[in-house]
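# Chain and residue survey
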Amino acid sequence: TELVLEASTRIQGKIVYTTIVLKDDTSKDKAKEIASATLDNYSEDELEFYDFSFFLRWKGEEADTVVTGNKHHNLDSITWTNN
(Lines give C-alpha, C1' and ligand atoms only; values in the text may rest on other atoms or scores of the structure.)
Protein backbone atom coordinates (compact mmCIF):
# COMPACT_ATOMS: atom_id res chain seq x y z
CA THR A 1 0.00 0.00 0.00
CA GLU A 2 1.12 3.57 -0.56
CA LEU A 3 0.87 4.23 3.18
CA VAL A 4 3.79 1.92 3.97
CA LEU A 5 7.31 3.33 3.70
CA GLU A 6 9.12 0.14 4.67
CA ALA A 7 8.32 -3.37 5.89
CA SER A 8 10.46 -6.24 7.14
CA THR A 9 9.80 -9.72 8.45
CA ARG A 10 11.99 -12.18 10.33
CA ILE A 11 11.35 -15.54 11.92
CA GLN A 12 12.86 -16.49 15.26
CA GLY A 13 11.80 -19.88 16.58
CA LYS A 14 8.00 -20.04 16.39
CA ILE A 15 7.52 -16.26 16.15
CA VAL A 16 7.20 -14.20 12.97
CA TYR A 17 8.25 -10.59 13.67
CA THR A 18 6.93 -7.94 11.27
CA THR A 19 7.93 -4.27 11.39
CA ILE A 20 5.95 -1.79 9.30
CA VAL A 21 7.04 1.84 8.96
CA LEU A 22 4.15 4.08 7.91
CA LYS A 23 3.67 7.58 6.54
CA ASP A 24 3.11 10.17 9.27
CA ASP A 25 -0.50 10.85 8.27
CA THR A 26 -1.57 7.18 8.50
CA SER A 27 -4.12 6.63 11.28
CA LYS A 28 -3.51 3.96 13.90
CA ASP A 29 -6.70 2.18 12.85
CA LYS A 30 -5.60 2.07 9.20
CA ALA A 31 -2.15 0.85 10.26
CA LYS A 32 -3.73 -1.98 12.24
CA GLU A 33 -5.83 -2.91 9.18
CA ILE A 34 -2.67 -3.06 7.07
CA ALA A 35 -0.94 -5.30 9.62
CA SER A 36 -3.97 -7.59 9.87
CA ALA A 37 -4.08 -7.88 6.07
CA THR A 38 -0.53 -9.28 6.04
CA LEU A 39 -1.89 -12.44 7.68
CA ASP A 40 -3.59 -13.24 4.35
CA ASN A 41 -0.11 -14.02 2.98
CA TYR A 42 0.26 -17.05 5.25
CA SER A 43 -1.23 -20.52 4.84
CA GLU A 44 -3.63 -22.00 7.40
CA ASP A 45 -0.85 -24.35 8.53
CA GLU A 46 1.50 -21.41 9.13
CA LEU A 47 -1.19 -19.45 11.00
CA GLU A 48 -1.86 -22.45 13.24
CA PHE A 49 1.87 -23.00 13.95
CA TYR A 50 3.48 -19.55 14.28
CA ASP A 51 2.81 -16.71 16.69
CA PHE A 52 3.01 -13.25 15.09
CA SER A 53 4.41 -10.07 16.57
CA PHE A 54 3.85 -6.68 14.90
CA PHE A 55 5.64 -3.37 15.35
CA LEU A 56 3.95 -0.40 13.67
CA ARG A 57 6.19 2.68 13.49
CA TRP A 58 5.75 6.29 12.43
CA LYS A 59 8.80 8.49 12.04
CA GLY A 60 8.42 11.78 13.90
CA GLU A 61 10.53 14.87 14.42
CA GLU A 62 10.87 14.37 18.17
CA ALA A 63 10.51 10.61 18.58
CA ASP A 64 9.18 7.55 16.84
CA THR A 65 5.70 6.35 17.71
CA VAL A 66 5.36 2.57 18.06
CA VAL A 67 2.25 0.41 18.37
CA THR A 68 2.75 -3.29 19.06
CA GLY A 69 0.47 -6.24 18.51
CA ASN A 70 0.61 -9.99 18.91
CA LYS A 71 -1.33 -12.89 17.49
CA HIS A 72 -1.10 -16.25 19.22
CA HIS A 73 -1.46 -19.25 16.92
CA ASN A 74 -4.68 -20.27 18.73
CA LEU A 75 -6.34 -16.86 18.18
CA ASP A 76 -7.99 -15.47 15.06
CA SER A 77 -6.98 -11.83 15.45
CA ILE A 78 -4.19 -9.56 16.63
CA THR A 79 -4.25 -8.19 20.19
CA TRP A 80 -2.92 -4.62 20.21
CA THR A 81 -1.08 -2.80 22.97
CA ASN A 82 -0.07 0.88 23.05
CA ASN A 83 -3.38 1.93 21.50
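Our subject is the structure listed above.
## A look at the overall build of the protein
Secondary structure assignment for the protein yields 2 helices and 5 strands. Secondary structure elements of the protein occur, N-terminal to C-terminal, as β-β-α-α-β-β-β. On C-alpha atoms alone, the protein measures out to a radius of gyration of 13 Å, which is about the 12 Å that the 2.2 N^0.38 rule sets for 83 residues. If you line up the protein on its principal axes, its C-alpha atoms span 40 × 20 × 20 Å. In the protein, the share of contacts with a sequence separation of at least 24, taken over all contacts with a separation of at least 6, comes to 46%.

## A look at the pattern of salt bridges
Applying the stated criterion to the full structure yields 1 salt bridge. Of the charged contacts in the structure, one is a salt bridge between Lys30 and Glu33, with a shortest N-O distance of 3.7 Å. Taken together, the positions of Lys30 and Glu33, both in helix α1 (residues 28-38) and 3 residues apart, correspond to about one turn of that helix. Residue classification places Lys30 among the partly exposed positions, given a relative accessible area of 35%.

## Regarding the nonpolar core
Soluble, globular proteins show a tendency: their nonpolar side chains are buried together. Leu22, Phe52, Phe54, Leu56 and Trp80 are the most contacted members of the largest nonpolar core, which has 17 residues in total. Of all the secondary structure elements, the ones that give two or more residues to this core are β2 (15-22), α1 and β3 (51-58). Counting residues per element, this core draws most heavily on β3, at 4 residues. In this structure, Leu22 is in contact with Leu3, Val4, Leu5, Ala31, Ile34, Leu56, Arg57, Trp58 and Lys59, ignoring residues within four places of it in sequence.

## Quick word on a negative patch on the surface
On the surface, Glu44, Asp45, Glu46, Glu48 and Asp76 cluster together into a negatively charged patch. Within the secondary structure, Asp45 is located in helix α2 (residues 44-49).

## Looking at the packing of aromatic side chains
A complete count under the given rule lists 4 aromatic pairs for this structure. Relative to Phe55, the ring of Tyr17 has its centre 6.5 Å away and its plane inclined at 15°; by these criteria the two rings are stacked. On the criterion of sequence distance, the pair formed by Tyr17 in strand β2 and Phe55 in strand β3 is long-range, its members being 38 residues apart. The ring of Tyr17 has Arg10 sitting right over it, with the charged end atom 4.4 Å from the ring centre. Lying over the aromatic face of Phe49, Lys14 brings its terminal NZ or CZ to 4.7 Å of the ring centre.

## Here we look at the pairing of strand β4 (residues 65-71)
Here 7 bridges tie β3 to β4, and the two strands are oriented antiparallel to one another. From the neighbouring strand, Arg57 faces β4, where its bridge partner is Val66. When β4 meets strand β5 (residues 79-81), the two strands line up antiparallel, connected through 3 bridges. Following the sheet pairing, Gly69 is matched in β5 by Trp80.

Reading the values: rules and limits
Residues numbered from 1 in each chain as written. Predicted model: local features only at pLDDT ≥ 70, side-chain atom pairs only at ≥ 80, totals over all residues. Heavy atoms only, no water. Helix = DSSP H or I, 4+ residues; strand = E, 2+ residues; numbered from the N terminus. Rg over C-alpha atoms; globule rule 2.2 N^0.38 Å. Contact = heavy atoms within 4.5 Å. Salt bridge = Lys/Arg side-chain N within 4 Å of Asp/Glu carboxyl O. Buried < 20%, exposed > 50% of the residue type's maximum accessible area, 1.4 Å probe, protein only. Core = buried A, V, L, I, M, F, W, Y, C linked by side-chain atoms within 4.5 Å. Patch = residues over 30% accessible without salt bridge, like charges linked within 9 Å, V, L, I, M, F, W, Y side chains within 5 Å. Areas by Shrake-Rupley, 256 points an atom, 1.4 Å probe, with all protein chains shown as cover. Lys, Arg positive; Asp, Glu negative; His and termini not counted. Charge placed at Lys NZ, Arg CZ, Asp CG, Glu CD. Phe/Tyr/Trp six-rings, centres within 6.5 Å; stacked < 30°, edge-to-face > 60°. Lys NZ or Arg CZ within 6 Å of the ring centre and 35° of its normal. Pairing = 2+ DSSP bridges.

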